[in-house]
Structures are given as C-alpha cells and as structure tokens.
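Structural description and commentary
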Amino acid sequence: MTTSSEHSVGAVFKRLLTYLAPMKAMFIMAVLALITYGVVDASFIYFIKPFIDEGFSQPAAVSSVAGDILPSSQGFNSDNDMLMVAPLFVMGMFTLRGIANFVSTYCVSYMSAQLIMKMRQQVFDHYLVLPVSYIDRENTGNLISRVTFDTEQIARASGSALITIVRDSVTILGMLTLMFYYSWQLSLCILIIGPLIGLVVSVVSKRFRKVSKQIQTAMGGVTAATEQMLKGHKNVLAFGGQDTEKERFNKINNSNRQQNMKLAVAQAISQPVIMIIGSFALAFVLFAASFDALKADLTAGTFAAVIGAMLSMLQPIKNLSRVNAEFQRGIAACSTVFDLLDTAPEKDEGTYTVERAKGDIQLNHVNFRYPEQENLALSDVNFSVASGKTLALVGRSGSGKSTIASLMTRFYGGLEQGEITLDGINVEDYTLKSLRNQIALVSQQVTLFNDTIANNIAYAYPGEVTREQIIKAAELAYAMEFIEKLPDGLETVVGDNGVLLSGGQRQRIAIARAMLRDAPVLILDEATSALDTESEKAIQKGLENLRQNRTSIVIAHRLSTIENADEILVVERGEVIERGDHQSLLEQDGHYAKLYSMQFSS
C-alpha cells in the first residue's frame, strides 16, 4: 500500500489526468474556450491605447486667415471613425467572451461530473474486493466519506483549477506581454514581485494540503457519528442517551469547524498578502511614470493601457491564490482516494473451479492469528466432516467458533499452520468465486437490503430465478407464515436492513436466501439466535430438510438446536477441548454437560 506521504503533487496530478484521457475532445474544447476568454480580456486592454490616443486626439486646426497653425478653437475634438467602431468592437468582444465562457463552463462541468461518477464507481467497486480484515480495521464513516466527500472535493478542485489556471494564466500572460510591449521600463517591476508572490503561494500550498487532510478525517468522523446514532437510534432513546450523543457529535462537529477555519484563515491571509505585494508594483509604476525620461515616451493611451493591464492582473492573481486552496484540497483528497485504490484486494491466486462440490470438509492442525493480535485465535484445530453430515460447534462467545466459519469462506487468509480442504483440495487452491459458490452462509448478523422480500431472498442468485423457487425457499424456512399476512406479500419492502420486520422474521428471510442458493455446504452461524421458541422449532424442521445431502456446520449457542448433530465440538480459547455426539458428551460430564445443564436446569 502506498501512503499519502509518498504521493508527490506532480505524481498525483499526473494520475488524475489519466481520468480525463477518455474525454480528450471535451478537454481540448474547454482549454481553447478558456484561452479565448483570456485573450479577449487581453485584447480589450490592448485597444485602450488606440481608443484614447486616436479616438480622443486633439489635432491641430489650420487658420485660413493668418495661415498660422493654432490650437483648435473647438476644444476637445474626437476622431469619429474610431469612436464609431468602438461600440461594435466592445459588443463583439463581450459576445465572444460570453460564448467562450459558456463552452468552457459546460465542458468543465461535463468532465467533472464524469470524473466524480467514474471515481466513485471505482472506489465502490474496490470496496467489494478488499479483504474483510481491511474493512474491520477502518472507520465506517471514513469509508463512506471516500465515496461521497473526497470524490466531490476532487471533482470540484479539478474543475475550479482547470478554469482558473488556464483562463487566468492566459489573462496574466497576455497582460504582461502588453505591458512589456507598450513600456518595458515600467513593467520591469513585475520581475521583482513575481518571485515574492511565488514564495507566498508555495508556503501557503503546503499549509492548505496539510489542513485539507485533517478536514477529510474530521468529515469522516462526522459521517461515522451520524451513522452510529441512526443505527442505534432505538437504543439511544431507550437508554436516554440523547445528551450523550449530542455531546459526542458536538465535539466532532466542532473539530470539523476548527479544521475548516484553519483553511479559511490561511486563505484569508494569503490573498491580502498577494494583493499588497501587487500594490507595491502598481505604486512603483505610478511613481516611475513621473520621471521625465519616461514621461517623454509615454502617451495618455500607453499609460492607461499599462495601468489597465496591471489592474486587470490583480483579480486573476487573486483567483489563482484562491483556487490554490481548492486545488490543494483536491490533491489531498486524491492522495487519500489513490491510497485506497492502491490497497491490495483480497488474494485470489487459486485456479481450481468446480460446478458443485461433494462437501467433504477437513481442517488439519489449523493455527490462525488475526492481524496485529498477539494470541492465536485458533490453535491446532483438527476435524473432518463427511459429505451430508452435520457438525456443530459450541462454546463461549469469543472462543473461535465464528473464526472457523470465516476461514472456510476465506474471509481471512494466512494460516500460520495447517490447511483447510474441501473435497481433499486446499481451499486456497480454489478461485474465490468457485469456493464461495459452494457455501451458503447464514450468520447472526442478518443483512437485508431496502428492497422487496422476494428480491432479498433471491439476492445475487446465479441465473434466472422463478417465483415458484422463491416461494418454495420461503416455505422451507417457514417464512411464508408471516409473509402471506403482509399487505403486499413477497413484494413488501423491508426497509433499511429489514427495519420493518422483527428479528425472527429477518432471520427466516436470511435462511430462505440460503435455501434458495442450494449450495452443497451450509454454515449456520447462530442462525436461530433471534428466534423465539415457537419459530425456532418451525425453523428446525426446515433446516432438517435443508441439511439433507448437504454438509452442515452449525455454530450454536442454544444447545437444543444441535442435539441431532452427527458430531459436536466444544471450542474454548481457540482449542477443541471435547468432541462427540450429544449423548456421549453428556455422559462425559465435562464442559458440554455443564453448558447443557445450565441452559436446561429450569
């Protein structure tokens, strides 16, 4: 993974330009329109000199009586031809400027919209292939912020930067050319202030970039705090935690405000400093124009053009210093997004594929440790499950039961010792898609999407699925009992994560989804934990049907759900401490017997 510090501004900007490559024609049109805009501004200043010197000239009048050359008695006499042309010229220039502004704005807006769509899609797609361990470590708010806030900053910055850098740079270059063309002596002062402005911009740019990264982090905190509160809204109300949440969000919100104020202060200081430096140059021109040596070569039009050019440069210089803040925010956001995109996806180096596995599972002396954890999560775990058999895993929370399920689906990789095989082939040798197609997983964390019940049951089903298949799966899961009572039946929208359904109803839909998948291996990770006793008994009948001709691994807290398992393993601190069927484990009068006695003592 590449860290942000390793991203130079040039490298990040160069990489960003690759996103614009497919929009080359639109980019060229935007640049040409922006150049036209800047040239029009420079052309308007260029014609100030002939307008003044020729349009408002004072020609000598010849006396018909004395034959002497005398000043005109008409006072200020104008050249009507020049003044007649001037309005047409101004209208033409501003019309051309308006057209150039429209073309450039449209093209830049189009490119920005395409950029943000493409980058958001790229980030979202990359999330889908990242290792589970990466998602576990990251703050959810930060991950969401990458898709929403950071990509928005990149699009805004790139659009603003392109418009300002091209248009105002052309304007400044045009004005400098005019100044040196009309009076290189007066224009030399620009060579003095140029490096000073460059120094200010360089120092401020580093500050902008640093603060912008802090703003991104703060924005991720705002997103995370909001998301946590909304997800736990019922608990917040139940425990009267409104004040706690208000205080927590206030701190995070205030931190975000402080970071934005740091950026605003840096921006507010940089612009006046640049303007003051520019005013020194303007003051020097006014002072130098009073020198007799320069005054002799200056006309009113020349002086007005030079002053006009200098004044016209101040706003583009101010724009460039202001867009620098946006540009640095974009570069900081780019670095963060590119860091994410450079994060290696989960390893998929296997090549073996199978249409449908038999379901023979074996763990051979497996040792596993989670990243950055000191103790082993699993230590010398060793068992096998024949095709069509049921294995149950029981034990305290945190004993390692769910870790075994996660390793079978390769959610976590890198065993320290041993191997896991499916039909005698190491699961690492399977392609991820082929391996996971063989396994249907129902976990205690039920995930439903804000869609209809039918679509939730058929989620990610390979190929076409019929209505009859969905109904059959729902019946086997004993879900049709409550689905038929809903006003819209299978077309009922369940809300965000199934919030409109009870815990037991959500669980039964998840089980129906697994049934529809019809995989040869079934993993039930506390699958009946959210069910009441009546629902649990109904589900057990469905699960008995489902287990036929399938290898089942049942992780259970309720021992009543696994009494009929072919083999039961008792897991404690990552080790298998007891094994056998229900009756033999009771006769051993060990750990399993004590757990059973505690649950059924009443």
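Residues numbered from 1 in each chain as written. Predicted model: local features only at pLDDT ≥ 70, side-chain atom pairs only at ≥ 80, totals over all residues. Heavy atoms only, no water.

In the annotation of an unreviewed UniProt entry, the protein chain is listed under the name Lipid A export permease/ATP-binding protein MsbA and assigned to Parashewanella curva.

**Section: helix α18 (residues 503–517)**
Quick reminder of the rule: Runs of H or I in DSSP of at least four residues are treated as helices and runs of E of at least two as strands, each being numbered from the N terminus. Helix span is expected to be 1.5 Å times the residue number reduced by one. Here's how the labels work: a residue is buried when its accessible area is under 20% of the maximum for its type, exposed when over 50%, partly exposed in between, all with a 1.4 Å probe on protein chains only.
Between its terminal C-alpha atoms α18 stretches 22 Å, which fits the 21 Å expected from 15 residues at 1.5 Å a residue. Counting buried positions along α18 yields 11 of 15 residues, so the element is predominantly enclosed. Within α18, the full set of buried residues consists of Gly-504, Gln-507, Arg-508, Ile-509, Ala-510, Ile-511, Ala-512, Arg-513, Ala-514, Met-515 and Leu-516. Once α18 ends, the next one or two residues include Asp-518, with phi positive near 55 degrees.

**What about the confidence of the model for the protein chain?**
Stated precisely, the cut-off is as follows: pLDDT expresses how confident the predictor is about each individual residue, on a scale running from 0 to 100. Residue contacts are defined here by distance: any two heavy atoms, one from each residue, within 4.5 Å place the two residues in contact.
Taken over all residues, the pLDDT of the protein chain has a mean of 79, while the share at 70 or more is 79%. Note on residues 1–6: pLDDT under 50 across the span, and 11 contacts to partners over four residues away in sequence or across chains.

**Side note on the nonpolar core**
As a reminder of what qualifies: In these notes, a set of buried Ala, Val, Leu, Ile, Met, Phe, Trp, Tyr and Cys residues joined through side-chain atoms within 4.5 Å is what counts as a nonpolar core.
Counting 42 residues, the largest nonpolar core has Ile-457, Ile-483, Leu-490, Ile-562, Ile-568 and Tyr-592 as the members making the most contacts within it. Element by element, the count of residues in this core is highest for α18, at 7 residues. If we ignore the near neighbours within four places in the chain, the residues touching Tyr-592 are Val-394, Leu-559, Ile-562, Ile-568, Val-570, Glu-578, His-582, Leu-585 and Leu-586. Phe-383, Leu-393, Met-408 and Val-521 belong to the second largest nonpolar core, which has 29 residues in total.

**A closer look at the packing of helix α2 (residues 24–46) against helix α6 (residues 140–182)**
Note the cut-off: Where helices are involved, their axes are fitted lines through C-alpha atoms of the stretch in contact, as for all axes, and angles between N-to-C directions lie from 0 to 180°. Each crossing is labelled by how the near helix is turned from the far one, with a counterclockwise turn of less than a right angle marking it left-handed and a clockwise turn marking it right-handed. Throughout, the ten residues Ala, Val, Leu, Ile, Met, Phe, Trp, Tyr, Cys and Pro are labelled nonpolar, Asp, Glu, Lys and Arg are labelled charged, and all others, Gly among them, are labelled polar.
For the pair α2 and α6, the least separation of the axes is 8 Å and the interaxial angle reads 30 degrees. Seen from above, α2 lies across α6 with right-handed handedness. Between α2, through Phe-27, Val-31, Leu-34, Ile-35, Tyr-37, Gly-38, Val-39, Asp-41, Ala-42, Ile-45 and Tyr-46, and α6, the contact on the second element is made entirely by Leu-162, Ile-163, Val-166, Arg-167, Val-170, Thr-171, Gly-174, Met-175, Leu-178, Tyr-181 and Tyr-182. Of the residues that constitute the contact of α2 with α6, the class distribution is 17 nonpolar, 3 polar and 2 charged.

**Some points on the pairing of strand β9 (residues 521–525)**
As a reminder of what qualifies: When DSSP finds two or more bridges between a pair of strands, those strands are recorded as paired.
Counting buried residues along β9, 5 of its 5 residues qualify, which places the element largely inside the surrounding structure. Going residue by residue along β9, you find Val-521, Ile-523 and Asp-525 tucked away on one face and Leu-522 and Leu-524 tucked away on the opposite face as well. Direction of pairing for β9 relative to strand β10 (residues 551–555): parallel, over a ladder of 5 bridges. Counted as the bridge partner of Leu-522 is Ser-552 from β10.

**Observations concerning the side chain of Glu-578**
Structurally, Glu-578 can be placed in strand β12 (residues 575–580). If we skip the residues at most four places from it in the chain, Glu-578 touches Ile-568, Leu-569, Val-570, Leu-585, Gln-588, Gly-590, His-591 and Tyr-592.

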